[in-house]
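Tertiary structure, described
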Amino acid sequence: MRSELTAFLDAHPDIRFFIRMHPIWYARLSRDPTLIQTLKAEADDFYGRSFKKRMEKFSEQLNMLNLLMDLAQTFGTDTKSQVEPES
C-alpha cells in the first residue's frame, strides 16, 4: 500500500478498522488510491455518521417519543376517569 494511504490510515484508526472489517478495500485502494473519498463515505455510513443514518436515527427517536407521549396520555386519562369526585 502506498505511503500516503498508510499515513492517512494511521491518522484515522476508525477507517483502518473499517478496512480490516472489509478487506476488499485493500485491493481497491491498491489499484486506485483515488477511491479514498468513497472509502470515507462508506466508513461514515458503516459507523452511522452519514446524514442519511443520522436522519433515520432521529426519526426513530422521534417515533419513540411520540409513542411514549401517547402511552403517558392514555394512562393519564385512565387514572383521571377512575378517581371519584369528592362531594
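The structure we're discussing is the one just above.
These notes cover the structure that comes with them. (Residues numbered from 1 in each chain as written. Predicted model: local features only at pLDDT ≥ 70, side-chain atom pairs only at ≥ 80, totals over all residues. Heavy atoms only, no water.)

Looking now at the nonpolar core. Formed by Leu5, Phe8, Leu9, Ile15, Phe18, Ile19, Trp25, Leu29, Ile36, Leu39 and Ala43, the largest nonpolar core amounts to 11 residues. Residue contacts for Ala43: discarding those within four places in its chain leaves Ile15, Phe18 and Arg49. (Core = buried A, V, L, I, M, F, W, Y, C linked by side-chain atoms within 4.5 Å. Buried < 20%, exposed > 50% of the residue type's maximum accessible area, 1.4 Å probe, protein only. Contact = heavy atoms within 4.5 Å.)

Take a nonpolar patch on the surface next. Taken together, Phe51, Met55, Phe58, Leu62, Leu65 and Met69 make up a surface patch of nonpolar side chains, about 640 Å² in accessible area. By the element assignment, Phe51 lies in helix 5 (residues 51–82). Classification of Phe51 by relative accessible area gives exposed; the value is 64%. (Patch = residues over 30% accessible without salt bridge, like charges linked within 9 Å, V, L, I, M, F, W, Y side chains within 5 Å. Areas by Shrake-Rupley, 256 points an atom, 1.4 Å probe, with all protein chains shown as cover. Salt bridge = Lys/Arg side-chain N within 4 Å of Asp/Glu carboxyl O. Helix = DSSP H or I, 4+ residues; strand = E, 2+ residues; numbered from the N terminus.)

Turning our attention to a negative patch on the surface. On the surface, Glu42, Asp45, Glu56 and Glu60 cluster together into a negatively charged patch. For the negative patch, the secondary structure elements donating two or more residues are helix 4 (36–47) and helix 5. By the element assignment, Asp45 lies in helix 4. (Lys, Arg positive; Asp, Glu negative; His and termini not counted. Charge placed at Lys NZ, Arg CZ, Asp CG, Glu CD.)

Running from N to C, helix 1 (residues 3–11) and helix 2 (residues 13–21) cross one another at 110°; their axes reach a closest spacing of 5 Å. Taken together, the axes of helix 1 and helix 2 lie roughly perpendicular to each other. Side by side, helix 1 and helix 2 meet where Thr6, Phe8, Leu9, Asp10 and Ala11 of the first sit next to Pro13, Ile15, Arg16 and Ile19 of the second. Residue composition of the contact of helix 1 with helix 2, grouped by class: six nonpolar, one polar and two charged. (Axes fitted to C-alpha atoms, helices over the stretch in contact; angles between N-to-C directions. Parallel < 35°, antiparallel > 145°, perpendicular 65-115°, else oblique. Nonpolar A, V, L, I, M, F, W, Y, C, P; charged D, E, K, R; others polar.)

This part takes up the environment of Glu42. Its place among the elements puts Glu42 in helix 4. On the accessibility criterion, Glu42 (35% relative accessible area) is partly exposed. Once the C-alpha coordinates of Glu42 and Phe18 are considered, the two residues, 24 residues apart in sequence, prove to be 9.0 Å apart. For Glu42, the contacting residues outside a window of four places in its chain are Phe18, Trp25 and Arg28.

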